[in-house]
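# Survey of secondary and tertiary structure
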Amino acid sequence: MSGTKSGGHADDPFQEGGGSLLRQPKAVWATAGASVVAFMGIGLVDPILPSIARGLHASNSQVSLLFTSYFLITAFAMLVTGFVSSRIGGRKTLLAGLALVVVFAALSGMSGSVGELVGFRAGWGLGNALFVSTSLAVIVGAAAGGSAAAILLYESALGLGMACGPLLGAILGDLKWRYPFFGTAVLMAIGFIAITAFLKEQPRPARKTSLLDPLRALGHGGLASAAVAAFFYNYAFFTVLAFTPFVLDMSPYSSGGVFFAWGVLLAVFSVLVAPRLQHRFGSLKVLGGSLLLLAADLLVLGYGDHTTAVVCTVLSGAFIGLNNTVFTELALGVSDAPRPVASAGYNFVRWFAAAAAPFLAPKIEEWTDLHVPFVVAAAAAVAGAGIVAVRRRALTIEAAELEPLHAAQDGVSAFAN
C-alpha cells in the first residue's frame, strides 16, 4: 500500500463489480447475513451494561469483564483459526463457530452470576473468532463480481452489525437484560441453517497454516508497526464502546439510539468515506489525522456535559470507521505474508487492547475520577498516531509490488471490528 495513495480501494468502491454487488449467490448472502449477526454481538451488550450490573448486583468493572473475557479469548483464538480452517475447510470452520455462539449466547442468557456470564462470553468469543476470521475468505471465494464487490459487501455487513447490535440490545434489553442473548442465539441458529443449506465446501489452501505462522509474520517491520499502532487505537476504541454507556447512564432505548447513530457513522465512513479520503490524501495521512481527531473527541467527551458526551460518542463513530478501514488494508497489504496469516498476527496483537480497555477504564475511574479514563484513551490514540508517523517508511509500500502476490493467494482473512 502506498503511503501517499490508497492501494486497497479503487477511486470509487462501487466501480469494480458494482453492477453485481447485489446479485450474489445464496451462499454469499447466507454468510454475509450471519456476519451481520456476528458483529451485532460485539455491541449488543452496550445499552444493557447498567441493567446487567443491577440485575446481577455487580460493579461496573465486573460487568466490563464481559468485553475483556470475550476479546482476550478472541486474541488467542487468532493463532488457532487459520490452523483449523486450513485443515477442516472454511465451511466447517464457519459452522463450528456459529454452533459455539449459539450455545454460549444461550448460556449467557441463563447466567445466575456475573462470573458465569463472563465465562460464557469467553466461549462466545471463541465461536465468534472462528466465524469472523473465516467469513471474508468464504465470501470472497463464493462471490460474483470480483473481490472488490465481496469486500465491500463484507464491510457493509460489519457496519450494519455494529449499528444494529446496540439497537437490538436496547429493544430486547428493555424487556429483560437476558433477552438480547437469547435473541442472538436464535439469529445465529438461523445463520447456521442457512450456511448448511446454501454454502458448499470451498477448496482448502495448498499449504496448511501452523500455529506459529501468525507470530512469524509479525517479524515483518511494517506488519508489526501496524499491529502495535492498532493496539493503541483499539484501547481508545473500546473505551468508547465499553465504558461510555456507564458515563451516559441512560435507559436501554436511549443508549441504544446513541450507539445506533454511532454505528451508522462507523459504517458510512468505513465503506463510503474512507476510500475517497485515502485516494485523495493517502492512507497514512488519513490514518494519522483520524487518530488525532479521535483523541480530541475523547477529551471533549470526557470533560463535556451530558449533551456534549452524547454528541462526541456519536461523532467518534466517524473516526473509528476511518481507522478500521485503513488499518485493515495496512494489515493485509503491508507485508508479503499470506493475507490470512498476516491478519491473524495483526489481530492477535490488537485484540489484547480490546480486552484491556473495558477492564482498565472503570478501574481508572475508581482510582481517580470520571475524566481520567478518557484522557488515557486519548493518549493511546495519540500514541497510535505517533507510531504511524515514526514508522511511516515501514508502513509504506507500493501496492503494485505485492498485488500480484496477493492476487495469487487463495484466501483473504477478515478484519474482525
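So, here is what we can say about the structure in this document. Model, not experiment: these values are computed from the prediction.

Attention shifts here to the overall build of the chain. Counting secondary structure elements, the chain contains 16 helices and zero strands. Here the chain holds 417 residues, and 58% of them are scored as buried. At a minimum sequence separation of 6, the contacts of the chain that also span at least 24 residues come to 88%.

So, about the environment of Pro 25. Here Pro 25 lies in the segment before α1 (26-43). The class for Pro 25 is partly exposed, based on a relative accessible area of 32%. Each C-alpha atom of the pair Pro 25 and Leu 199 lies 9.3 Å from the other, and the pair is 174 residues apart in sequence.

So, on to the pattern of salt bridges. According to the stated counting rule, one finds two salt bridges in the structure shown. A salt bridge links Arg 216 to Asp 213; the nearest nitrogen and oxygen atoms lie 3.0 Å apart. Of this pair, Arg 216 and Asp 213 both sit in helix α8 (residues 213-217), three residues apart, which is roughly one turn of the helix. Taking the relative accessible area as the measure of exposure, Arg 216 reaches 54% and is therefore exposed. Judged by relative accessible area, Asp 213 falls into the buried class, the value being 9%. Residue Lys 363 pairs with Glu 366 through a salt bridge whose shortest N-O separation is 3.9 Å. Residue Lys 363 and its partner Glu 366 are located together in helix α13 (residues 339-367), separated by three residues, close to a single helical turn. On the basis of relative accessible area, Glu 366 is assigned to the partly exposed category, the value being 47%.

For the structure on display, the rule yields 17 aromatic pairs. Relative to Phe 71, the ring of Tyr 70 lies with its centre 4.9 Å away and its plane at 80°, an arrangement referred to as edge-to-face. Look at Phe 231 and Phe 232: their rings are 5.5 Å apart centre to centre, the planes differ by 90°, and that puts the pair in the edge-to-face class. Taking relative accessible area as the criterion, Phe 232 reaches 29% and is therefore assigned partly exposed. Site record: aromatic cluster; members linked through ring pairs are Tyr 70, Phe 71, Trp 124, Trp 177, Phe 181, Tyr 233, Phe 237, Phe 238, Phe 259, Trp 262, Phe 327 and Trp 351. The aromatic ring of Phe 83 is capped on one face by Arg 87, whose charged end is 3.8 Å from the ring centroid. A cation over a ring is seen here: Arg 121 above Phe 67, with NZ or CZ 6.0 Å from the ring centre.

Moving on, we come to a nonpolar patch on the surface. Together, Val 80, Leu 211, Leu 212 and Leu 215 make up an exposed nonpolar region whose accessible area comes to about 310 Å². Along the chain, the position of Leu 215 falls in helix α8.

With their axes 7 Å apart at the nearest point, helix α10 (residues 252-281) and helix α11 (residues 283-303) run at an angle of 120° to one another. With respect to their mutual orientation, α10 and α11 come out oblique. Taking contact as the criterion, the partners of Leu 277, Gln 278 and Phe 281 in α10 are, on α11, Ser 283, Lys 285 and Val 286. Across the contact of α10 with α11, the residue classes break down as three nonpolar, two polar and one charged.

Procedures and definitions
Residues numbered from 1 in each chain as written. Predicted model: local features only at pLDDT ≥ 70, side-chain atom pairs only at ≥ 80, totals over all residues. Heavy atoms only, no water. Helix = DSSP H or I, 4+ residues; strand = E, 2+ residues; numbered from the N terminus. Buried < 20%, exposed > 50% of the residue type's maximum accessible area, 1.4 Å probe, protein only. Contact = heavy atoms within 4.5 Å. Salt bridge = Lys/Arg side-chain N within 4 Å of Asp/Glu carboxyl O. Phe/Tyr/Trp six-rings, centres within 6.5 Å; stacked < 30°, edge-to-face > 60°. Lys NZ or Arg CZ within 6 Å of the ring centre and 35° of its normal. Patch = residues over 30% accessible without salt bridge, like charges linked within 9 Å, V, L, I, M, F, W, Y side chains within 5 Å. Areas by Shrake-Rupley, 256 points an atom, 1.4 Å probe, with all protein chains shown as cover. Axes fitted to C-alpha atoms, helices over the stretch in contact; angles between N-to-C directions. Parallel < 35°, antiparallel > 145°, perpendicular 65-115°, else oblique. Nonpolar A, V, L, I, M, F, W, Y, C, P; charged D, E, K, R; others polar.

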